[in-house]
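Inside the fold
So the chains spell out like this:
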Amino acid sequence: MVKSIQEIFELEESARSGELDGEGDEEMGDDDEEEVDLEDRERRTGKLKGLLGMLAQLWWADSEHMDMAAEKLADGSRDPKWRVPLGDSGVLNFFLEILGAHTLRYNLKVHLLRLIGNSCADTDENRARVVAANSLPAIISQLKDTSLIPFAIPVLYNICLDYEPAQLQASNAFLSKELVELISNPRFNDNRSFLGYSCKLLELLLPQPSEIDLAPENIAVVLLKITADKVFPVDLEDFISTINTAVQYLQHEKFQKPLISQGALDLTLAVMVDSYTRDAQASILSDEDDAKKLTEMRSKLNSALSDISALPEFRDAVPISSPLCGMLRRWLSSPQLQLQICACFILGNLARSDDACIELVHISKAHMPLIAILASSKDSQLLHAALSFLKNLALPLKNKLVIGEADIFDHLPRLWLLDTLQQIQFDSISLSRQLLIGTFSNIRKITKRLSYDLDSPANMRSKLSLLIALFQRTDVDPIRMEISRLITAICRCYNTHTADSAQEYERVRKNFFEVHPDVSMPLGFMVSQTKWPVVRSEGWFVFALMARYPESARCISDMMQDVAVFQPLVELLTGKNLVGDEVNSYSTPTATISTTPSSSGGMADSQTPESIPYATDEKMRRIDRENALVLVNELLKTRGSEMAIMRRTMFEDLLKGGSDMVASWREAEWGDTQVPKERRARGGHIMQDVIEQSFNELL
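Residues numbered from 1 in each chain as written. Predicted model: local features only at pLDDT ≥ 70, side-chain atom pairs only at ≥ 80, totals over all residues. Heavy atoms only, no water.

As for the overall build of the chain
We apply this condition: Runs of E in the DSSP output that reach at least two residues are strands. Runs of H or I that reach at least four are helices, and both are numbered from the N terminus. For every residue, the accessible area obtained with a 1.4 Å probe (protein chains only) is divided by the maximum for its type, and the residue is called buried under 20%, exposed over 50%, and partly exposed between those limits. Whether two residues are in contact is decided by their heavy atoms: any pair within 4.5 Å suffices. Residue burial considers only the protein chains on display, and all accessible areas are found by Shrake-Rupley using a 1.4 Å probe.
Scanning the chain from terminus to terminus reveals 39 helices and zero strands. With 699 residues in all, the chain has 54% of them scored as buried. At a minimum sequence separation of 6, the contacts of the chain that also span at least 24 residues come to 74%. Of the roughly 31300 Å² of accessible surface on the chain, a fraction of 50% belongs to carbon and sulfur atoms.

Dropping the structure here:
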């Protein structure tokens, strides 16, 4: 019988390289495609069919010759030309039935696995037969026998590779659970060479819809512990593949939380540090490919750690004063790029409350190494991470002055000018804006003259001039918008700050508009754009503040000469455009953007757009209209005597028409009933009495 099988296959001593032979673990795929000879395939199939009867006799007789027959068939399956015939003839299904239903001798089991694995290499027809026979659970069960690991893992890989039905069945059969139990067990130490295939199998399972629910939640922890094992260290290739597999599972919250609850955070950071030791090894070996893979791996791990550190459980487990945070703060000054990025991400996510931010700035001085990064780094990823962290730290009012006093405004202009890194431009301008909110000292740093030499061109320029110039040359709307909001924050502070000396603030406002005569263009953009309705509302509010003082009212008045700014005002107060046609374009928001927190000492007569929580579009339009009425009323007070008669008349008509619209709305909603106190805006009351008084003055 055995001789007959051997004669059929006509085996040669030179076996195909790279195939499952009972001693190796190499993948069975990647065979060169050959033209299919159907006649040859049918002939081979016919020969194999003739063996089924003899195989059945050997099986029922429990003959040891069955082991030898299986061995010869497994050897023959190395040849790709025999793989489909093995399936078509029924030989593969015969052995699948035996494997799934009976307790087998060790040698027979080995050769059955070899035959199945070789037959399925690059052969979807046979993979389909394995799935149809529901044989994957039986193959997976062989992982419990340590001596069969060198056969079972490659067989599973050959079946699942590039074949989704097999991956799904393997996932449903809890393959990931079996693999995790296997690789975390000391009995796997003698089979560490199969760690790479185990990780590849886990990666194949992850996209399956059932895998997230069925995989053990500690899978990432187990993989990271293996990479950190100093007793049985993994080689560089397995180090990279194991961490990459862990990172893929860490994209899902189910696998993130055990990293916190099982105390594996320190271990994960240790793995990050260890990766630089591996990097040194790759450099010694002059292996650029491995060095590149390590860099990519660290970047992916950093991204996963960023997501994990954003979880509420992380903030509960890692207080700012913890040793782990202490290590991360030291990483901010590390010469290793990814360690700095990692520290920025994690500490930045911990800086989500005022208390945490204040502790990080006033006690830990975390802002100092971050400012050093802004001063010297050219890496866009690190700059982005540092800027994001600093933006969080700059939110509490107590921190703004401290960060500003650390010379940060000496280094931000470098980033404003990075036209090729627009995200960095945007982030740095956004940070600058955050630092200016309600902080007069920081505003002085950005608006003071670059030179006090009257003969120097720098006498009429400031750091803010760089941003105004950037506004004029860039076509990136988010950057233009952020510059506009920054200037609005300055004007808001100038017009709401509680001054010890009114004369001093009058002098400061005059100086600001003298040095920055072109500030009206960015300010006008706030209300002329239609992409960000919330920002437009912010603009009307600040304009209403500015119109109270002669210095800033002149800027607003000049701004209204621009039809792009004046027309939105007309539409807002009359519902019509400049030629009298009904319009509704103002009422259609197309995007939203985060609003600026209210400054201290806010205006009592105007309403901030952010003072109305969860405001509807209609309510926001009403607030804008009322703030626009305040704006027009104040302009008439401060600049009316200097306006041309026709222009003054136009503003008077706008004031009266807008007031009528507000009165009509209030009457429609409340009738003669006074507006309930709880429905009034928290930001203050509208200047209705002031507006009515203005009407009496004009009549």
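This is not the end of the story, as more comes after the structure.
Side note on the state of the cysteines
Filter applied, for reference: Two cysteine sulfurs form what is called a disulfide whenever their separation falls within 2.5 Å.
Per the counting criterion, the structure on display carries zero disulfides. No disulfide involves Cys120; its nearest neighbouring cysteine sulfur is the one of Cys160, lying 9.7 Å away.

Some points on the environment of Thr474
Worth spelling out the cut-off: Polar contacts here mean pairs of N or O atoms no more than 3.5 Å apart (in protein, one a potential hydrogen donor and the other a potential acceptor; neighbouring residues in sequence count only if both atoms are side-chain atoms).
Structurally, Thr474 can be placed in the loop between helix 30 (463-473) and helix 31 (477-496). Side-chain polar atoms of Thr474 contact the backbone nitrogen of Val476, separated by 3.2 Å.

With respect to the nonpolar core
Operational definition: To qualify as a nonpolar core, a set must consist of buried Ala, Val, Leu, Ile, Met, Phe, Trp, Tyr and Cys residues joined through side-chain atoms within 4.5 Å.
Counting 202 residues, the largest nonpolar core has Phe95 and Leu569 as the members making the most contacts within it. Look past the residues within four positions of Phe95 in its chain and what remains in contact with it is Leu55, Met66, Ala70, Leu73, Leu112 and Leu115.

Regarding the pattern of salt bridges
As a reminder, the rule being used: The salt bridge definition used is simple: a Lys or Arg side-chain nitrogen within 4 Å of an Asp or Glu carboxyl oxygen.
A complete count under the given rule lists 30 salt bridges for this structure. Among the salt bridges present, the one from Asp274 reaches Lys230, with a minimum N-O distance of 3.7 Å. Taken as a pair, Asp274 in helix 18 (residues 265-284) and Lys230 in the loop between helix 15 (219-228) and helix 16 (236-249) lie far apart in primary sequence, 44 residues in all. Here Asp274 falls in the buried class, since its relative accessible area comes to 12%. The residue Lys257 makes a salt bridge to Glu253 at a minimum N-O spacing of 3.0 Å. Pair noted here: Lys257 and Glu253 are both in helix 17 (residues 253-261), with a separation of four residues, about one helical turn. Given the relative accessible area of 32%, Lys257 is considered partly exposed.

As for the environment of Gln251
Here Gln251 is to be found in the loop between helix 16 and helix 17. Its relative accessible area of 44% is what places Gln251 among the partly exposed residues. Along the backbone, Gln251 and Leu305 are 54 residues apart, and their C-alpha atoms lie at a distance of 9.7 Å. Setting aside chain neighbours within four positions, we find Gln251 in contact with Gln256 and Asp307.

Here we look at the packing of helix 7 (residues 106-120) against helix 10 (residues 149-160)
Short version of the rule: To obtain an axis, a line is fitted to C-alpha atoms, over the contacting stretch when the element is a helix, and the angle between two such axes runs from 0 to 180 degrees between their N-to-C directions. Angular relationships are summarised with four words: roughly parallel below 35 degrees, roughly antiparallel beyond 145, roughly perpendicular across 65 to 115, and oblique for the angles in between. Should the near helix be turned anticlockwise from the far one by less than a right angle, the crossing is left-handed, and should it be turned clockwise, the crossing is right-handed. Polar here means any residue other than Ala, Val, Leu, Ile, Met, Phe, Trp, Tyr, Cys and Pro, which are nonpolar, and Asp, Glu, Lys and Arg, which are charged; Gly is therefore polar.
Between helix 7 and helix 10, the shortest axis-to-axis distance is 8 Å and the interhelical angle comes to 25 degrees. On the basis of the axis angle, helix 7 is roughly parallel to helix 10. You can see that helix 7 and helix 10 cross each other, and the crossing is left-handed. Of the residues in helix 10, those touching helix 7 at Tyr106, Val110, Leu113, Arg114, Ile116, Gly117 and Cys120 are Phe151, Ala152, Val155, Asn158 and Ile159. Across the contact of helix 7 with helix 10, the residue classes tally to nine nonpolar, two polar and one charged.

Re the confidence of the model for the chain
Detailed reading of the predicted coordinates is not advisable wherever pLDDT falls low. Which entries qualify depends on this criterion: Scored from 0 to 100, pLDDT records how confident the predictor is in each individual residue.
Per-residue pLDDT for the chain has a mean of 85; in total, 83% of the residues score no lower than 70. Predicted confidence is poor over residues 11-32, with pLDDT under 50, and the contacts of this stretch with residues over four places away or in other chains come to 51 contacts.

What to know about unusual backbone geometry
Look at Asp122: it is not a glycine, yet its phi comes out positive at around 55 degrees. The residue Asp122 is located in the loop between helix 7 and helix 8 (124-132) in this model. The phi dihedral of Asp407 falls on the positive side, at around 65 degrees, and the residue is not glycine. Position of Asp407 among the secondary structure elements: in the loop between helix 26 (397-404) and helix 27 (412-416). For Asp407, a relative accessible area of 45% corresponds to the partly exposed category.

Concerning the packing of aromatic side chains
Put simply, the rule reads: Note on aromatic pairs: the rings of Phe, Tyr and Trp (six-membered ring only in Trp) are paired at centre separations within 6.5 Å, and the planes decide the class, stacked below 30 degrees, edge-to-face beyond 60, tilted for the rest. Here, over-ring charges are defined by two tests on the NZ atom of lysine or the CZ atom of arginine: distance to the ring centre within 6 Å, and angle to the ring normal within 35 degrees.
Inspection of every chain in the model, using the stated rule, returns nine aromatic pairs. Relative to Phe513, the ring of Phe512 lies with its centre 5.0 Å away and its plane at 80 degrees, an arrangement referred to as edge-to-face. In this pair, the class of Phe512 matches that of Phe513, namely buried. Relative to Phe651, the ring of Phe566 has its centre 5.8 Å away and its plane inclined at 65 degrees; by these criteria the two rings are edge-to-face. Note that Phe566 is positioned in helix 36 (residues 563-574) and Phe651 in helix 38 (residues 645-670), a separation of 85 residues in sequence. Counting every residue linked through ring pairs, the aromatic cluster contains Phe440, Tyr494, Phe512 and Phe513. Taking the ring centre of Tyr276 as reference, the NZ or CZ of Arg298 above it sits at 4.0 Å. Positioned over the ring face of Tyr549 is Arg509, at 4.0 Å from the centre of the ring.

Observations regarding the packing of helix 7 against helix 8
Interhelical geometry of helix 7 versus helix 8 gives an angle of 130 degrees and a closest axis separation of 7 Å. The angle between the axes of helix 7 and helix 8 places the two elements in the oblique class. Counted together, Ile116, Ser119 and Cys120 of helix 7 and Asn126, Arg127 and Val130 of helix 8 form the full contact between these two elements. Taken together, the residues that form the contact of helix 7 with helix 8 break down as three nonpolar, two polar and one charged.

Here we look at the side chain of Arg647
For clarity, the cut-off: We score Asp and Glu as negative and Lys and Arg as positive, and we do not count His or the chain ends.
With respect to the secondary-structure elements, Arg647 resides in helix 38. Of the side chains with opposite charge, Asp558 comes closest to the buried, unpaired Arg647, at an N-O distance of 7.3 Å. In this structure, Arg647 is in contact with Ser557, Met560 and Gln561, ignoring residues within four places of it in sequence.

A short note on helix 35 (residues 550-559)
Taken across its 10 residues, helix 35 has seven buried, putting it largely inside the fold. Every buried residue belonging to helix 35 is among Glu551, Ser552, Ala553, Cys555, Ile556, Ser557 and Met559, and all of these are buried.

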